[in-house]
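Structural overview for review
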Amino acid sequence: MVTALKKKDLEIALQKVRPFTDPNPTDEQYPTPASIAADMVFLAYSQGDIAGLKVADLGCGTGVLGIAAALLGASEVIGLDKDRSALDLAEENAKGAGVGIRLVHGDVGGLKEKVDTVVMNPPFGSQKKHADRPFLEKAMEVSGVSYSLHNAGTQDFLLKLVSSAGKRAEVLKRYKLEIPHTFAFHKKAKQDVEVLLLRIQIRGD
Ligand code: SAH
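Read on for an overview of the structure. Per-chain numbering applies: the sequence of each chain, read as written, is numbered from 1 onward. Local features in a predicted model are, by the rule used here, given only for residues with pLDDT of at least 70; side-chain atom pairs are given and counted only at 80 or more, and totals for whole chains, interfaces and linings are based on all residues. The side-chain quantities take in all heavy atoms of the structure and omit both hydrogens and water.

1. Considering the layout of surface pockets
Of the two site types, the cavity is a set of points on a 1 Å grid over the protein atoms alone where a 1.4 Å probe fits but cannot get out, and the pocket is an open set with protein on both sides within 12 Å along at least five of seven lines, each lined by residues with an atom within 4 Å of a point. Grid points are joined across faces, edges and corners, and a volume is the space filled by probe spheres set on the points. Considered as a void within the structure, the largest pocket measures approximately 530 Å³ in volume. Lining the largest pocket are 30 residues, with Asp27, Gly59, Pro122, Pro123 and Phe135 positioned closest to its centre. Helix and strand assignments come from DSSP, with helices taken as H or I runs of at least 4 residues and strands as E runs of at least 2, each series counted from the N terminus. Mapped onto the lining of the largest pocket, the elements with two or more residues apiece are α3 (64–71), β2 (76–81) and α5 (133–142). When its residues are assigned to classes, the lining of the largest pocket shows 14 nonpolar, eight polar and eight charged. Here the nonpolar group is Ala, Val, Leu, Ile, Met, Phe, Trp, Tyr, Cys and Pro; Asp, Glu, Lys and Arg are the charged ones; every other residue, Gly included, is treated as polar.

Right, here's the structure in full:
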């Protein structure tokens, strides 16, 4: 499917996605801002990894990345999260954006379905060390190519994890993510975290 949606229009559509109402700090429920979500999924789209393909958003939360993929012409989008209230919100957000996402409730480790592309912003592991590991392992198991956001400070760990699985990863971009004072344990009003966008080539080359 060819889509005429421009990156700016995608960002405007994603600004309407409602954030978590009652975020859970242990699961690091930080939503990806519209500007970063639009940039990331547009990049995947421009590399031929979205349009007409089956895409999964692992740890979809509000659904912002899956919605972006659907808006850019993915043939099917799966949004998986272990938090049922996040899935309710994702469903509402998808409806609001005029797209359909198949929502799956469960732990990321349980996904068995194969997809073409994964787009995800998993927990960064600031609460539970390397909480993004099962997400990367699952992406490498079920998809052909994966785009994911991580704390830039864990780059060495990420690259080692991917290369020890015999796959190739590339850091495509870096962003500054502003984490608001959502959680009591944050001392400052907001905090900038440097994040990186990782692309892993899993099948073919
Ligand atoms: N991808 C969304 C949300 C990021 S927050 C966005 O970009 O805005 C991370 C999400 O991962 C949360 O919604 C949390 O509930 C979910 N999550 C954390 N651990 C998980 C696990 N083990 N299995 C499935 N989902 C998980």
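2. Quick notes on the site of the ligand
Around the ligand, the structure places 23 residues, and the nearest of them are Thr32, Gly59, Asp81, Asp107 and Val108. One nitrogen or oxygen atom from the side chain of aspartate 107 is found 3.0 Å from a nitrogen atom belonging to the ligand. The definition of a polar contact used here is a pair of N or O atoms within 3.5 Å, where within protein one atom must be able to donate a hydrogen and the other to accept one, and adjacent residues in sequence count solely through side-chain atom pairs. Within the backbone of valine 108, a nitrogen or oxygen atom sits 3.0 Å from a nitrogen atom of the ligand. Values of accessible area rely on a 1.4 Å probe in the Shrake-Rupley scheme; residue burial ignores everything except the protein chains shown. The protein chains hide 96% of the 570 Å² of surface that the ligand would expose on its own. Think of it this way: a molecule belongs to a cavity or pocket when more than half its atoms come within 2 Å of the grid points there. The cavity where the ligand resides is the largest pocket. Breaking the shell around the ligand down by element, the ones donating at least two residues are α3 and β2. In the shell around the ligand, the residues fall into ten nonpolar, seven polar and six charged. Put simply, a residue is near a molecule or strand once any heavy atom of it comes within 4 Å of that molecule or strand.

3. Quick word on the pattern of salt bridges
Close approach of charged atoms allows side chains with opposite charge to pair. Throughout this description, the term salt bridge denotes a Lys or Arg side-chain nitrogen within 4 Å of a carboxyl oxygen of Asp or Glu. In total, this model carries eleven salt bridges according to the counting rule given. Glutamate 11 serves as the salt-bridge partner of lysine 8, at 4.0 Å between the closest nitrogen and oxygen. In this pair, lysine 8 and glutamate 11 are both assigned in helix α1 (residues 7–14), three residues apart and thus about one turn of the helix distant. Note that aspartate 49 and arginine 199 form a salt bridge whose closest N and O atoms lie 3.0 Å from each other. Here arginine 199 lies in strand β7 (residues 190–201) and aspartate 49 lies in the loop between α2 (34–46) and β1 (54–58), a separation of 150 residues in the sequence. On the basis of relative accessible area, arginine 199 is assigned to the buried category, the value being 12%. Note on exposure labels: buried denotes an accessible area under 20% of the residue type's maximum, exposed denotes more than 50%, and partly exposed covers the range between, all computed with a 1.4 Å probe on protein chains only.

4. Overview of the side chain of serine 143
In this structure, serine 143 sits in the loop between α5 and β5 (145–151). A distance of 2.8 Å separates a polar atom in the side chain of serine 143 from the backbone oxygen of alanine 139. Only 3.4 Å separates the side chain of serine 143 from the backbone oxygen of valine 145, close enough to count as a polar contact. Any two residues whose heavy atoms approach within 4.5 Å at even a single point are treated as in contact. Beyond its immediate sequence surroundings of up to four residues, serine 143 is in contact with Val115, Asp116, Thr117, Val118, Ile202 and Arg203.

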